[in-house]
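Descriptive analysis of the structure
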Amino acid sequence: MSTVTSTVTSTVSVALFGGGRGGAGIARALLRTPGTSLSLLVNGYDNGLSTGALRRWLPGMLGPSDFRKNLLLHLDPGDPRHTLLERRLPPGTTPADLDALIGDVAATGPAEAARELRVVADRLADRPGGLDLADCALGNLVFAGAYLRLGEGFNAAVRACARTFGSPVRLLNVTGGENAFLVALKQDGRVLADEADIVAPQDGLPITGLFLLREPLSAADRAALAGRPAERVRELLARRSAAVTPNPEALLALAEADLIVYGPGTPHSSLLPSYLTPGLAEAVSGSRAAARVFVVNVGGDHDVQGLTATDLVDRTLAYLGDPGNERATITHVLSGRGAGAPAVPARVLDRGSWAGARWISADLEDPARPGAHRGPRTAEALLAVLGEAPLARAG
């Protein structure tokens, strides 16, 4: 396999679909590769415990957690900016405690972060009791402050925070910033009512559908859907679809990419929902990218029980509107050999292809972190694929 130095002869533009941490090692390695520029395409449907509380406090705002995590890629753990982004507020934290913290942030920087936190503190003072600060990541509150200060523009807040923390990554929300809530449908018609349920432990029946809704499902909504046939639930959820638009910057990043990478990450929360964005499939098919690589996870996720690696490739193609891969939406599949990874059918390994894409198997797992990719080795493999492209599609 070619080395990184032999494949990167000029600036290579990489567009990576990801989530919060699944592709972090790969992204860091790409950032450290001379001549490589990186765009990260992320969705904002996270609504875990403290993030969910923040979204309820600011109706209309998407979840900032995965964007916050991607601001860490260039920062060492000892960097004060890293500490600020990841710091969690303890139970019992009051607005007065937050005021004191703002003073500390103003003294150590970045000054812009203190400014955003002050916006949040002022909102809390105006509307007391609206947000429990327990376990809130301070970095999420910085995002919230930027969101409020910039007229409740989520994508503007992403750009502002990227500048504040000096990110070298082109960090992009896939949508225009419209609020939406992620819901999944299981094979038997049961509903996973939010993103937190989708990533949580669950039974082995596969997820068969994803929906972006205008409003979160209430307890009454869940009760009304319970016990109905799966197709009827699908119809009812489809009627509640949110109207989202693509982020023009994300479309441009795809159009200008030399290499498009799908994943790794939690498929039904971090990756597949992004592909529901209107216009994204067309941007991929119209891209100049010589290689479009699906990276199979080397570890398992709760949301993929009952699904093989080829199933996940097929789902990606279906969500991107190219089920037969006729538009070469995926040109290569890069598969690791982690013990917990989705199974790869033997016939695929023997043949070296699936759905017209070349299947490449390699040892990509980080021995120090089972279930995670070894970033430098995986980045090298991705750039080597690009160095060999364009290749004839496999039969």
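The structure reproduced in this document is the subject of the present report.

The rules behind each value
Residues numbered from 1 in each chain as written. Predicted model: local features only at pLDDT ≥ 70, side-chain atom pairs only at ≥ 80, totals over all residues. Heavy atoms only, no water. Helix = DSSP H or I, 4+ residues; strand = E, 2+ residues; numbered from the N terminus. Rg over C-alpha atoms; globule rule 2.2 N^0.38 Å. Buried < 20%, exposed > 50% of the residue type's maximum accessible area, 1.4 Å probe, protein only. Pairing = 2+ DSSP bridges. Contact = heavy atoms within 4.5 Å. Axes fitted to C-alpha atoms, helices over the stretch in contact; angles between N-to-C directions. Polar contact = N/O pair within 3.5 Å; in protein donor to acceptor, adjacent residues only side chain to side chain. Salt bridge = Lys/Arg side-chain N within 4 Å of Asp/Glu carboxyl O.

**Considering the overall build of the chain**
When you go through the chain residue by residue, the secondary structure sums to 18 helices and 11 strands. Taken over the C-alpha trace, the chain has a radius of gyration of 21 Å; the compact-globule value for 395 residues is 21 Å, and the two agree within 12%. C-alpha atoms of the chain, sized along the principal axes, occupy 65 × 55 × 35 Å. Looking at the chain residue by residue over its 395 residues, the buried ones come to 57%.

**Focus on the sheet that holds strand E2 (residues 36–42)**
The strands making up a sheet associate through hydrogen bonds between their backbones, and the pairing can be parallel or antiparallel. Taken in spatial order, the 8 strands line up as E3-E2-E1-E7-E8-E9-E11-E10 in an open sheet, and their pairing is mixed. Looking at the sheet topology across the chains shown, the edges are occupied by strand E3 (170–173) and strand E10 (353–354). For strand E1 (residues 12–17) and E2, the ladder comprises 6 bridges, and the chain directions are parallel. Bridge pairing links Val-14 to Leu-38 in E2. Sitting on the sheet, helix H13 (residues 248–256) is in contact with E1, E2, E3 and strand E7 (259–262), with an inclination near 125 degrees to E3.

**Some thoughts on the side chain of Ser-167**
Of note, Ser-167 is situated in the loop between helix H9 (154–164) and E3. Note on Ser-167: relative accessible area 16%, which makes it buried. In terms of polar contacts, Ser-167 uses its side chain to reach the backbone amide nitrogen of Val-169, at 3.1 Å. Setting aside chain neighbours within four positions, we find Ser-167 in contact with Leu-71, His-74 and Ala-162.

**Quick notes on the pattern of salt bridges**
All chains considered together, the criterion is met by 21 salt bridges. Residue Arg-88 pairs with Asp-135 through a salt bridge whose shortest N-O separation is 3.8 Å. Taken together, the positions of Arg-88 in the loop between helix H5 (80–86) and helix H6 (95–108) and Asp-135 in the loop between helix H7 (111–126) and helix H8 (138–149) put the pair 47 residues apart, joining distant regions of the chain. Note on Asp-135: relative accessible area 39%, which makes it partly exposed. The closest approach of N and O atoms between Asp-363 and Arg-377, which form a salt bridge, is 3.8 Å. Residue Asp-363 is found in the loop between strand E11 (357–361) and helix H18 (375–388), and its partner Arg-377 is found in helix H18; the two are separated by 14 residues along the sequence. Overlapping salt bridges bring together Lys-186, Asp-188, Arg-190 and Asp-203 as one network.

**Topic: the sheet that holds strand E6 (residues 207–213)**
The strand order E5-E4-E6 describes an open sheet built from 3 strands, whose pairing is antiparallel. In this open sheet, the two strands that pair with only one neighbour each are strand E5 (191–192) and E6. Note that strand E4 (residues 181–186) and E6 share 6 bridges and pair antiparallel. Bridge pairing in E6 links Phe-181 to Leu-213. Packed on one face of the sheet, helix H12 (residues 230–238) meets E4, E5 and E6 and runs near 20 degrees to E6.

Any functional reading would require information that these geometric values do not contain.
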